[in-house]
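Structure at a glance
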Amino acid sequence: MGIIQQYLRIDQSTLLRYLDNSQLLEDDLFSTSNSEKTNLLDIGKSWDGLFYVVTGEPLNNYKIVPPPLQWLIFGPNILDVEQDMGYGPAKYLTSSQTEELLEAVNDISESSLSDRFDAEKMNEEGVYPEFWEDPEALNYLIQEFRKLKEFLQLAVAENQAVITFLC
C-alpha cells in the first residue's frame, strides 16, 4: 500500500480535546470510513514529491526550509510524542499557523511546480515513491497541490487547526 499523508481540519475545541487525550484522535478517525469524513484530506503518496516541487528540497531537508512552507507535510507542533499514527506522531498547525501556510501556498504558482519538477533528480534524491519518470507524475502532483490548497482555504475560512500525519 505504501506511505500516505493525511490532513484533518478541526475546530479549536477539538484540538484542545486531542491535546488533552490523543487517543480521541484515533477513535474519531477510525470510527467512520474515510469517505464519510469531509474534513479529511488524503494526498496519497504525493507528499514527498509535493514537498519537493513546492520547496525545491527533498523532505529529508525540511528543516532548512523556512516556515511556514516547512510545515507543508509536518506541522510544527507535536500532538503527543508517544502516539504513533503509522509513521510517527500526528503534528498540527494552529488556526493562525494554518493561515500562514495558506498565504505561503497561495504564493506558489503551478508553473513554479512544473519548473521544479525534475524526475531524474527526484529519483536520485530518493523522493518517495520514486516513480517520477511516469508521464502523469507532474499532473498528479499539481492535482494534489490544488486539493491541498482548497483544503487549507476551507480551514482558514472556518478558523480551523489542521492535524497532519503519515500513515
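Heads up: these notes are all about the structure in this document. (Residues numbered from 1 in each chain as written. Predicted model: local features only at pLDDT ≥ 70, side-chain atom pairs only at ≥ 80, totals over all residues. Heavy atoms only, no water.)

1. Observations concerning the pattern of salt bridges
Here the structure, examined in full by the defined rule, presents 4 salt bridges. Of the charged contacts, one joins Glu110 and Arg146 as a salt bridge, the two residues approaching to 2.7 Å between their closest N and O atoms. Within this pair, whereas Glu110 is found in helix α5 (residues 110–116), its partner Arg146 is found in helix α7 (residues 137–157), the two being separated by 36 residues in sequence. (Salt bridge = Lys/Arg side-chain N within 4 Å of Asp/Glu carboxyl O. Helix = DSSP H or I, 4+ residues; strand = E, 2+ residues; numbered from the N terminus.)

2. A word on the side chain of Gln6
Looking at the element boundaries, Gln6 is found in strand β1 (residues 5–10). Separated by 3.3 Å, the side chains of Gln6 and Asp42 make a polar contact. (Polar contact = N/O pair within 3.5 Å; in protein donor to acceptor, adjacent residues only side chain to side chain.)

3. What to know about the sheet that holds strand β2 (residues 40–44)
With antiparallel pairing, the 5 strands of this open sheet are ordered in space as β2-β1-β5-β4-β3. The sheet is open, and its two borders are formed by β2 and β3 (77–78), each paired with just one other strand. Note that β1 and strand β5 (residues 161–166) share 6 bridges and pair antiparallel. Its bridge partner lying in β5, Gln6 is registered against Phe165. Docked against the sheet, α7 engages β1, β2 and β5, running at close to 160° with respect to β2. (Pairing = 2+ DSSP bridges. Contact = heavy atoms within 4.5 Å. Axes fitted to C-alpha atoms, helices over the stretch in contact; angles between N-to-C directions.)

4. Describing the environment of Phe151
For Phe151, the location among the structural elements is in helix α7. Under the relative-accessibility criterion, Phe151 is labelled buried at 6%. Taking the C-alpha atoms as reference points, Phe151 and Ser31, 120 residues apart in sequence, are found 22 Å from one another. Each residue touching Phe151, except ones within four places of it in the same chain, is listed here: Tyr7, Leu8, Arg9, Asn39, Leu40, Leu41 and Val162. (Buried < 20%, exposed > 50% of the residue type's maximum accessible area, 1.4 Å probe, protein only.)

5. A closer look at the packing of aromatic side chains
Applying the stated criterion across every chain yields a total of 5 aromatic pairs. Considering the side-chain rings of Tyr62 and Phe74, the 5.3 Å spacing of their centres and the 65° angle between planes classify their relative orientation as edge-to-face. Here the residue Tyr62 occupies a position in the loop between α3 (47–55) and β3, and Phe74 occupies one in the loop between α3 and β3, the gap between them amounting to 12 residues. Of the residues examined, Phe74 reaches a relative accessible area of 22% and is grouped as partly exposed. A centroid spacing of 6.0 Å and a plane angle of 70° characterise the contact between Phe131 and Tyr140, whose relative ring orientation is edge-to-face. (Phe/Tyr/Trp six-rings, centres within 6.5 Å; stacked < 30°, edge-to-face > 60°.)

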